[in-house]
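Overview (structure and organization)
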Amino acid sequence: MSDATAIAATDPATGNARAPGDAVARADAYPHEHQFDNLAQQTDAARLGMWLFLATEVLFFGGLFGAYTAYRYVYYHAFAEASRELSVLFGTLDTAVLLTSSLTMALAVFTAQSTADSPAARRRSGRTIALLLLATAALGAGFLVLHGFEYYEDYQEHHFPGRTFFFPGAESGQVELFFIIYFCLTGLHSLHVLIGVVLLAVMAALSWKGRYYGGYHNPIEISGLYWHFVDMVWVFLFPLLYLIAPR
Amino acid sequence: MIDLRENYLSKHTIRSWLLTIDHKRIGLLYLFTILIFFLIAAVAAGLMRLELLTPQGDLLLPETYNKMFTIHGVLMVWFFLIPSIPTVLGNFVLPLVLGARDVAFPKLNLLSWYLFILGGSFALYGVFAGGVDTGWTFYTPLSTTYANGHVMTMAAGVFIAGFSSILTGLNFIVTTHKMRAPGLTWMRLPLFVWALYATSLIMVLATPVLAITLLLMTVERFWGVGIFNPALGGDPLLFQHLFWFYSHPAVYIMILPGMGVVSELITCFSRKKVFGYSFIAFSSMAIAVLGFVVWGHHMFSTGQSAYAGMVFSFLSFLVSVPSAIKVFNWTATLYKGEITFSTPMLYALGFIGLFTLGGLTGLFLATLAADIHLTDTYFVVAHFHYVMVGGMVLAFMGGLHYWWPKITGRLYPEKAGQLAAMITFVGFNLTFFPQFLLGYLGMPRRYHAYPEEFQIFNVLSTAGASILAVGYLLPVVYLLWSLKNGQRAGENPWAATGLEWTTPSPPPEHNFDQTPVVTRPPYDYAYQSTFHPREVEQTLENV
Ligand SMILES: [Cu+2]
């Protein structure tokens, strides 16, 4: 554009005034990737990307929640019967463990955000962040172990769908439907927890030496978004699967 | 041949292509890949048309015929139409028109191509190891209980390709939000960007539902449980609801980007500001949103409740409004325009005509009573081919010709291009218009044999298909020819507006030497003509 230089422009990503052609002139504390103008733009892009990914995930689980809703509406009684077979004790423990892990995750993000940019402060909170992330990952792993026990129990009680499935009475097929959806939902959720545990372990290793601080903590924040999402899926799963029938 | 300067094509090693994170190169990787799928799917279609030349089933066995339309459908839908404009032209053009150096997540972009290749390999294995005969819709219980062949391989291919589509959509949305050049406000974006944005929303929000549907189908098939099997308490209609919750919006993945391309072409070759910019922009968004609530029109005759049918019928009529708005706006843009009938424009005009016919016949199908007569006949086949081929493929060809000089730095031979566009238009209509009549007369789709009174229309259709094939092959020949022998294009051979035309052709690796700044509204052709005199005419003369 020929008369471009006359007009002041605003950087759409940051809202900051941006002179034409200053693309590479900005000095950042951390090098950003070549396609971005500065770290702020990169941070914004990554955050939006994660939110969109979570939107995809909502629809991914949403398909299964849709199937659950349809069948629970049609087979109301059988679903209540089936739900009574699940262990509320396990479910409550699962929930407690996951909710606690969200607390440690939030603390890790908070610590990173409030760390000043001095070598000493960064080294000190690097350890704290790493430990908090490890605690989160450990709680996630604990959740998986608990769920493993639950699955084992389900299997022993012939609640695993397929050839070994058995449930007395005329509603056997419909109860099996509940368990198919139960295993699909919790199985997919556990897969997400597993991915989260690995992710958080890697983030802990990266944090240890003080990589993240107030001026650069986006990777932790984004991992946190993912973890809280996984947690929130469980907040829906717990009542819908374990608590739909009075005992 | 000495290149004037370093550009994104300067490196020649295979490694530099397979590990590239340059959006322009990834666009070309996609172009090459989807053309292979197009070729295989087109061969399957050709075999079907040959079989249908005579009423008797004499060329293909019934099972083979079923496999042919499944291969044609699966490959065309997921491995050609859905990726076509977004991954090829979108990948190439989007960062350029935004004045950006690349998409927001270049590595994710490459990953998405590899996922596409992986998914495509599964699908091709399914095709060549024995084929699938479920149709592209994978309806249960056919796909779970009865279907022989490689349903799971094919479904796995589609599942994986779905993630490729999600990543592309995610990348485009973030890129549009965060990578715009200074001064490029939302209402200054080229309409192609609006279309890609709306498409990407659908990709991100609808595709995961397809993934979960295919997953449930897999669970049913492997575990022998009855999620969709009525004998075991399941409901086959649930599969159809889930499938069409994705697949109707997917229809808009297959047309919205085409509409975006056409908006660019119509304005450029009318040399006029587009009529009703904001209406075209927001109608794309309206289509994306409304497209999510009309899926039930695929189940008018499968036992869905009458009330649901009425609601879905009404909503399906409603979703045609934003499409009609676009057609009116394009027509109004042409009015008193300084029109050049160059190749991209011919494709664009063809698009408007054929899309209008495809869209209007869609209203016949959205009408409950008419649909009962027309369901599963050739009328439906003709309707969606008018939209998918008459619409999307023509827009893809138009866009490919329009940006070809930018992509390769060379002009294609204009006369040959115009000829191909006209052959395609004639061949297309001869292929598919008779199918409207066949469907109206009651010929059902998906049969390899038919009563003799239908033969005349089938012969016309097959004849049209062979003309259409010429229309497709011709561009392959002269576009390849132009790579070496085409005239050098220069920065802006069409004297078009848009940031992509302010950088050399082919563009340098990082697109712009300086981040461009946008100071003018979009499609400002009146202003553009004052300082960038039109070269199109001369260009046309020279070839
Ligand atoms: Cu539809």
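Along each chain, the written sequence defines residue order, and numbers are assigned to residues from 1. Think of it this way: whatever chain is written first is A, whatever ligand is written first is 1, and the rest follow in order. Two thresholds apply to this predicted model, a pLDDT of at least 70 for residue-level local features and 80 or more for giving and counting side-chain atom pairs, whereas whole-chain, interface and lining totals are computed over all residues. Note: side-chain values were computed over all heavy atoms of the structure, leaving out hydrogens and water.

1. A few points about the coordination of the copper ion
Residues and elements named next belong to chain B. Think of the donor list as every N, O and S atom within 2.8 Å of the metal, or within 3.2 Å for Na, K and Ca; water never makes the list, so a site can look incomplete. Distances from the copper ion to its protein donors, His248 (ND1), His297 (NE2) and His298 (NE2), fall within 1.7 to 2.0 Å. All donors of the copper ion belong to a single chain; written as a sequence motif, their spacing is H-x48-H-H. Within this pair, whereas His248 is found in helix α8 (residues 236-253), its partner His297 is found in the loop between α10 (277-290) and α11 (306-334), the two being separated by 49 residues in sequence. The pair His248 / His297 is uniform in exposure class, with both members buried. Helix numbers and strand numbers start at the N terminus; a helix is a DSSP run of H or I with at least 4 residues, a strand a run of E with at least 2. A simple rule labels every residue: compare its accessible area, found with a 1.4 Å probe on the protein chains alone, to the largest value its type can have, and call it buried under 20%, exposed over 50%, or partly exposed in between.

2. A look at the interface of chain B and chain A
A common way to express how large an interface is: the accessible area buried when the components associate. Pairs of residues are marked as contacts when any of their non-hydrogen atoms sit within 4.5 Å. Counting from both sides, the interface comprises 46 residues of chain B and, opposite them, 45 residues of chain A. Buried area: the accessible surface (1.4 Å probe) lost by two parts on joining, summed over both. Across the chain B to chain A interface the summed buried area is about 3900 Å²; carbon plus sulfur atoms make up 70%. Of all residues in chain B, Arg101(B), Lys178(B) and Val517(B) give up the largest surface area on contact with chain A, accounting jointly for 16% of the area buried on that side. Only one rule defines a salt bridge in this text: a Lys or Arg side-chain nitrogen within 4 Å of an Asp or Glu carboxyl oxygen. For the interface between chain B and chain A, the tally reads three salt bridges. Lys107(B) is the partner of Glu33(A) in a salt bridge, and the nearest nitrogen-oxygen pair spans 3.8 Å.

3. Describing helix α16 (residues 455-485) of chain B
All names here are of chain B. Helix span, as expected, comes to 1.5 Å for every residue beyond the first. Given a rise of 1.5 Å per residue, 31 residues ought to cover 45 Å, and the 45 Å separating the end C-alpha atoms of α16 matches this to within 8%. Residues Asn458, Ser461, Thr462, Gly464, Leu468, Gly471, Tyr472, Pro475, Tyr478, Leu479 and Ser482 constitute the buried set of α16. Looking at the buried side of α16, the elements it contacts are α2 (23-51), α12 (343-366), α14 (378-408) and α15 (414-441).

4. Overview of unusual backbone geometry
Outside of glycine, negative phi angles account for most residues, and trans bonds account for most peptide bonds. All names here are of chain B. A cis amide bond links Thr140 with the next residue in sequence, Pro141, at an omega value of 0 degrees. Topologically, Pro141 is positioned in the loop between α4 (106-128) and α5 (142-146). The step from Ser505 to Pro506 runs through a cis peptide bond, and the omega angle for that step is -10 degrees. Residue position: Pro506 is located in the loop between α16 and α17 (525-531). You will see that Phe138, though not glycine, has its phi angle at about 50 degrees, which is positive. Topologically, Phe138 is positioned in the loop between α4 and α5. Classification of Phe138 by relative accessible area gives buried; the value is 0%. Here the phi dihedral of Asn511 falls at roughly 75 degrees; this positive angle occurs in a residue that is not glycine. Structurally, Asn511 is set in the loop between α16 and α17. For Asn511, a relative accessible area of 0% puts it in the buried group.

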